[in-house]
Amino acid sequence: MLDPIINDYNIYCDESRVENKDSNIMVIGALFVPRLERKKISEKLDQLFETYKFHQELKWNKVGEKYTSFYKEIVDYFISNKSLQFRCIVVDKRKVKYTEYHENDSELAFFKFYYFMLRKRLADDNNYFIFLDRKPTRDRNRARALKAFLDSYVLLNKKNCNIKHLQSYQSSENKLIQLADFLTGLVGFACNNDQGKNKLSIVSYLSSKLKRKNICESTPLSETKFNVFVWDSKL
């Protein structure tokens with residue numbers, strides 16, 4: 001019997017509206033990229049940056065009218081590249097029971113939502129390398145604990161996959177984390193019903209490409225291109 005083919009995936013993660021007190025909804029997102037494709041995809045992003053003379057970090061909160069064509073081409077590239085997949089968890093912060101379930105610790109709750117978002121996308125016969133956007137934390141062991149919980153999930157559910165790496169990185173040094181930021185921030189903007197003509201046009205553009213009226217609604221787990229998990233407050 002032939003051994004299964006092991007596929008390696010990089011997962012690039014970022015978050016939106018976690019500490020923003022003016023926003024009720026926070027979003028944590030992850031961009032899944034076949035490890036063998038990461039260089040080619042990064043080079044394509046470099047090319048788009050250069051074509052549009054975009055010499056700054058790609059971040060949703062910096063989206064403005066000047067580079068509308070660039071942002072839409074980023075959306076086009078994400079949609080057209082079958083190797084790129086995105087998943088996010090949408091959390092209504094008003095429904096989080098910090099005292100009852102999270103030791104009255106919002107940072108602990110945040111990393112638990114990371115766990116909820118990632119665990120269901122861990123598939124058999126895959127190795128995963130997870131890159132978190134670097135975020136100051138009171139507890140320096142948060143990333144290590146997240147990996148431990150994901151490892152436990154894999155073991156308890158007898159899944160044939162491995163978390164080979166999980167660490168935080170500066171988004172300024174990695175365009176794939178920046179792309180995760182862009183998509184995660186887009187969902188956060190849409191789910192908070194924020195206003196802004198240019199950003200709304202980008203949201204509408206992505207929605208039309210995905211053929212969805214509302215990108216803030218949960219999708220089936222089988223949806224791999226742009227998967228949205230709206231957290232149930234009972235969890």
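Placed above this text is the structure.
Residues numbered from 1 in each chain as written. Predicted model: local features only at pLDDT ≥ 70, side-chain atom pairs only at ≥ 80, totals over all residues. Heavy atoms only, no water.

A. Up close: the packing of helix α1 (residues 38-51) against helix α6 (residues 175-191). Between α1 and α6, the shortest axis-to-axis distance is 9 Å and the interhelical angle comes to 70°. Here α1 lies roughly perpendicular to α6, going by the angle between them. Judged by residue contacts, Arg-38, Ile-41, Ser-42, Leu-45, Asp-46 and Phe-49 of α1 engage Lys-175, Leu-176, Gln-178 and Leu-179 from α6. Looking at side-chain class alone, the contact of α1 with α6 contains 5 nonpolar, 2 polar and 3 charged residues. (Axes fitted to C-alpha atoms, helices over the stretch in contact; angles between N-to-C directions. Helix = DSSP H or I, 4+ residues; strand = E, 2+ residues; numbered from the N terminus. Parallel < 35°, antiparallel > 145°, perpendicular 65-115°, else oblique. Contact = heavy atoms within 4.5 Å. Nonpolar A, V, L, I, M, F, W, Y, C, P; charged D, E, K, R; others polar.)

B. Examining the packing of aromatic side chains more closely. If you walk through the whole model with that rule in mind, you get 23 aromatic pairs. Note on Phe-86 and Phe-226: the rings are 4.9 Å apart at their centroids and 35° apart in plane angle, and the pair reads as tilted. With a gap of 140 residues between them, Phe-86 in strand β3 (residues 85-92) and Phe-226 in strand β6 (residues 226-230) connect regions that are remote in the sequence. Residue classification places Phe-86 among the buried positions, given a relative accessible area of 1%. These aromatic residues form a ring-pair network of at least three members: Phe-49, Tyr-52, Phe-54, Trp-60, Tyr-67, Phe-70, Tyr-71, Phe-182 and Phe-189. A cation sits over an aromatic face here: Arg-35 above Phe-129, 3.8 Å from the ring centre. (Phe/Tyr/Trp six-rings, centres within 6.5 Å; stacked < 30°, edge-to-face > 60°. Buried < 20%, exposed > 50% of the residue type's maximum accessible area, 1.4 Å probe, protein only. Lys NZ or Arg CZ within 6 Å of the ring centre and 35° of its normal.)

C. Molecular detail of the sheet that holds strand β5 (residues 161-169). Read from one edge of the open sheet, 6 strands run β5-β4-β1-β2-β3-β6, paired in mixed fashion. Each edge of the sheet is formed by a strand with only one pairing partner; in this case those strands are β5 and β6. Ignoring which end each strand starts from, the neighbouring axes of this sheet average 20° apart. Across 8 bridges, the pairing between strand β4 (residues 126-133) and β5 is parallel. Looking across to β5, one finds that Tyr-128 is bridged to Ile-163. (Pairing = 2+ DSSP bridges.)

D. Region of interest: the nonpolar core. Counting 46 residues, the largest nonpolar core has Leu-31, Phe-70, Tyr-71, Phe-182, Val-187 and Phe-226 as the members making the most contacts within it. Of all the elements in the fold, those that place two or more residues in this core are β2 (25-34), α1, α2 (68-80), β3, β4, α6, α7 (197-210) and β6. Broken down by element, this core gets its largest block of residues, 11 residues, from α6. Each residue touching Val-187, except ones within four places of it in the same chain, is listed here: Val-27, Phe-86, Cys-88, Val-90, Ile-215, Cys-216 and Phe-226. Residues Ala-109, Phe-116, Tyr-153 and Ile-163 belong to the second largest nonpolar core, which totals 33 residues. (Core = buried A, V, L, I, M, F, W, Y, C linked by side-chain atoms within 4.5 Å.)

E. Just α6, in detail. Along its 17 residues, α6 runs 24 Å from first to last C-alpha, staying within 8% of the 24 Å computed at 1.5 Å per residue. In terms of burial, α6 is a largely internal element, 16 of the 17 residues being buried. The positive-phi residue at the C-terminal boundary of α6 is Asn-193, with phi of around 55°. (Expected span 1.5 Å × (residues − 1).)

F. Structural context of the state of the cysteines. A full pass over the atoms with the stated rule returns 1 disulfide. A sulfur-sulfur distance of 2.2 Å marks the disulfide that ties Cys-191 to Cys-216. An S-S torsion of about -115° defines the bridge between Cys-191 and Cys-216 as left-handed. With Cys-191 in helix α6 and Cys-216 in the loop between α7 and β6, the pair connects residues that are 25 residues apart, well separated along the chain. For the pair Cys-191 and Cys-216, one class covers both residues: buried. Here Cys-88 is not cross-linked by a disulfide; its sulfur's nearest cysteine counterpart is in Cys-191, at 7.0 Å. With relative accessibility at 0%, the residue Cys-88 sits in the buried group. Between Cys-161, a free cysteine, and Cys-13, which holds the nearest cysteine sulfur, the sulfur-to-sulfur gap is 15 Å. The class of Cys-161 is buried, set by a relative accessible area of 5%. (Disulfide = S-S within 2.5 Å.)

G. Summary view of the packing of α1 against α2. The contact between α1 and α2 brings their axes to 11 Å, and the two run at 160°. With respect to each other, α1 and α2 are oriented roughly antiparallel. Here the hand of the crossing between α1 and α2 comes out right-handed. The residues of α2 that touch α1, namely those facing Ile-41, Lys-44, Leu-45, Leu-48 and Phe-49, are Phe-70, Glu-73, Ile-74 and Tyr-77. Counted by class, the contact of α1 with α2 contains 7 nonpolar, no polar and 2 charged residues. (Left-handed = near helix turned anticlockwise from the far one by under 90°.)

All we've got here are geometric facts, nothing functional implied.
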